[in-house]
Amino acid sequence: MDLAKEYPKNLYIGIDISEMFPSEVERPSSATFIKANLLDGLPFENNSFDFVYQRFLGISLTEVQWKVKVIPELVRVLKPGGWIEIMEYDLIWFSLGPKTNVMLTKLKNKLQEYGINVIMSRKISELLKANNVHNVETISKSIPLGDWGGKLGRASLDMTPEEYDDCLEGSAREINEYKSYTMSHRYSMLVRYTLLTTL
Ligand SMILES: C[S@@+](CC[C@H](N)C(=O)[O-])C[C@H]1O[C@@H](n2cnc3c(N)ncnc32)[C@H](O)[C@@H]1O
């Protein structure tokens with residue numbers, strides 16, 4: 001949306017599995033939104049886009065889906081010489097207090113049971129290279145977590161309601177006390193014209 005407003009001569013297509021798109025009033029005429037499941041394959045021909053941008057799919061995807069479907073699809077629709085940018089954050093936090101550590105270790109273990117890698121964010125560069133995309137520039141930044149207010153689902157935690165409430169209450173306090181933070185990683189690269197040869 002920001003790019004579409006700033007560079008109105010280009011055409012932009014956004015996709016999401018959920019149809020919660022900006023209203024016609026909000027969206028610039030150069031921006032279109034399509035409901036699509038990335039895991040079914042993107043509804044575009046090969047080499048369609050000059051720029052592909054994806055951000056914060058995070059825990060929506062398993063490690064296998066990232067490897068087998070997502071990165072190959074994003075690269076497939078990018079034109080040779082185009083630009084791809086991916087931004088993901090670590091699903092682990094640093095500088096934690098003991099209660100937060102207990103809570104997040106349980107969450108991490110639960111996510112791993114579903115095949116979700118909590119540091120998939122660190123593997124994007126490697127996956128891009130495996131898809132013949134080189135010259136990857138990585139920018140990693142710390143994100144302070146003060147005044148954290150997100151909700152962690154009770155169902156995803158292997159704890160009693162009392163343990164959960166105790167951890168949650170203690171965790172919110174500890175995050176400020178310990179100055180906890182997480183990391184974001186932005187990968188961007190120019191895709192070179194590459195001739196694939198098979199022997
Ligand atoms: C955390 S939001 C990020 C939204 C946006 N990219 C941003 O950075 O603000 C994750 C989005 O991914 C969408 N999503 C999850 N799985 C998807 C899939 N398989 N195909 C397409 N969209 C998906 C969700 O519906 C949700 O809107």
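Residues numbered from 1 in each chain as written. Predicted model: local features only at pLDDT ≥ 70, side-chain atom pairs only at ≥ 80, totals over all residues.

Named according to an unreviewed UniProt entry, the protein chain is 3681_t:CDS:1 originating from Acaulospora colombiana.

Q: Is there a simple way to think about the overall build of the protein chain in this case?
A: When you go through the protein chain residue by residue, the secondary structure sums to five helices and six strands. When each of the 199 residues of the protein chain is scored for burial, the buried share is 14%. (Helix = DSSP H or I, 4+ residues; strand = E, 2+ residues; numbered from the N terminus. Buried ≥ 20, exposed ≤ 12 C-beta atoms within 10 Å, placed from the backbone.)

Q: Which parts of the structure should I look at to understand the nonpolar core?
A: Inside soluble globular proteins, nonpolar side chains tend to come together where they are buried. Of all hydrophobic cores here, the largest spans twelve residues; its members are Val52, Val70, Ile71, Leu74, Leu78, Ile84, Ile86, Ile124, Leu127, Leu128, Val133 and Tyr187. When residues of this core are traced back to their parent elements, those giving at least two are helix H2 (63-76), strand S4 (78-89) and helix H4 (124-130). (Core = buried A, V, L, I, M, F, W, Y, C linked by C-beta atoms within 7 Å.)

Q: I keep staring at the site of the ligand and nothing clicks. Help me out?
A: Lining the immediate environment of the ligand, one finds Asp16, Ile17, Ser18, Asn37, Leu38, Leu39, Arg55, Phe56, Leu57, Gly58 and Ser60. Residue composition of the shell around the ligand, by class: five nonpolar, four polar and two charged. (Near = placed C-beta within 6 Å. Nonpolar A, V, L, I, M, F, W, Y, C, P; charged D, E, K, R; others polar.)

Q: I keep staring at helix H3 (residues 98-113) and nothing clicks. Help me out?
A: The periodicity of an α-helix, 3.6 residues per turn, causes residues three or four positions apart to be oriented the same way. Its 16 residues give H3 an end-to-end C-alpha distance of 23 Å, which sits within 8% of 22 Å, the value for a rise of 1.5 Å per residue. When we look at burial in H3, the residues that qualify are Thr100, Met103, Leu104 and Leu107. One face of H3 carries all of its buried residues, which in axial projection span an arc of 90°. Opposite the buried face of H3, at more than 90 degrees from it, the exposed residues are Pro98, Thr105, Asn109, Gln112 and Glu113. (Expected span 1.5 Å × (residues − 1). Arc of directions from axis to C-beta.)

Q: Help me understand the environment of valine 64, please; the structure alone is not making it clear to me.
A: Looking at where valine 64 falls in the secondary structure, it is placed in helix H2. Among the residues examined, valine 64 registers 11 C-beta atoms within 10 Å and is labelled exposed. As a C-alpha pair, valine 64 and glycine 115 span 51 residues in sequence and 7.5 Å in three-dimensional space.

Q: Please explain the pairing of S4 as it appears in this structure.
A: Successive side chains on a regular strand alternate, one facing one side of the sheet and the next facing the other. Where strand S3 (residues 49-55) lies against S4, six bridges are found, and the strand directions are parallel. Paired with phenylalanine 49 across the bridge in S4 is leucine 78. Following the backbone out of S3, through H2 and into the adjacent parallel S4, one traces a crossover that is right-handed. (Pairing = 2+ DSSP bridges. Right-handed = clockwise from strand over helix to strand, strands pointing away.)

Q: Honestly, the environment of asparagine 117 in this entry has me stumped. Any pointers?
A: Within the fold, asparagine 117 resides in the loop between H3 and H4. Since 19 C-beta atoms lie within 10 Å of it, asparagine 117 is described here as partly exposed. Between the alpha carbons of asparagine 117 and leucine 91 there is a distance of 8.3 Å; along the sequence they are 26 residues apart.

Q: Looking at this model, I keep getting lost on unusual backbone geometry. Mind explaining?
A: With glycine set apart, most residues show a phi of negative sign, and most peptide bonds adopt trans. Here the phi dihedral of serine 95 falls at roughly 60°; this positive angle occurs in a residue that is not glycine. Within the element layout of this structure, serine 95 appears in the loop between S4 and H3.

Q: Can you walk me through the confidence of the model for the protein chain in this structure?
A: Low pLDDT means the predicted atomic positions in that stretch should not be read closely. Looking at the protein chain as a whole, its pLDDT mean stands at 83, while 85% of the residues score no less than 70. Within the protein chain, the lowest mean pLDDT, 73, falls on strand S6 (residues 181-190), and the highest, 96, falls on H2. Confidence over residues 146-157 falls short of pLDDT 50; this stretch has 15 contacts with residues more than four positions distant or in other chains. Taken together, the stretch residues 192-199 has pLDDT below 50 and engages in six contacts with residues farther than four places along the chain or on a different chain. (pLDDT = per-residue confidence, 0-100. Contact = placed C-beta atoms within 7 Å.)

Q: I would appreciate a short explanation of the environment of isoleucine 124 in the present structure.
A: The topology assignment puts isoleucine 124 in helix H4. For isoleucine 124, a count of 21 C-beta atoms within 10 Å corresponds to the buried category. Residues isoleucine 124 and valine 136, spaced twelve residues apart in sequence, show a C-alpha to C-alpha distance of 9.7 Å. The residues contacting isoleucine 124, other than those within four sequence positions of it, are Ile86, Glu88, His185 and Tyr187.

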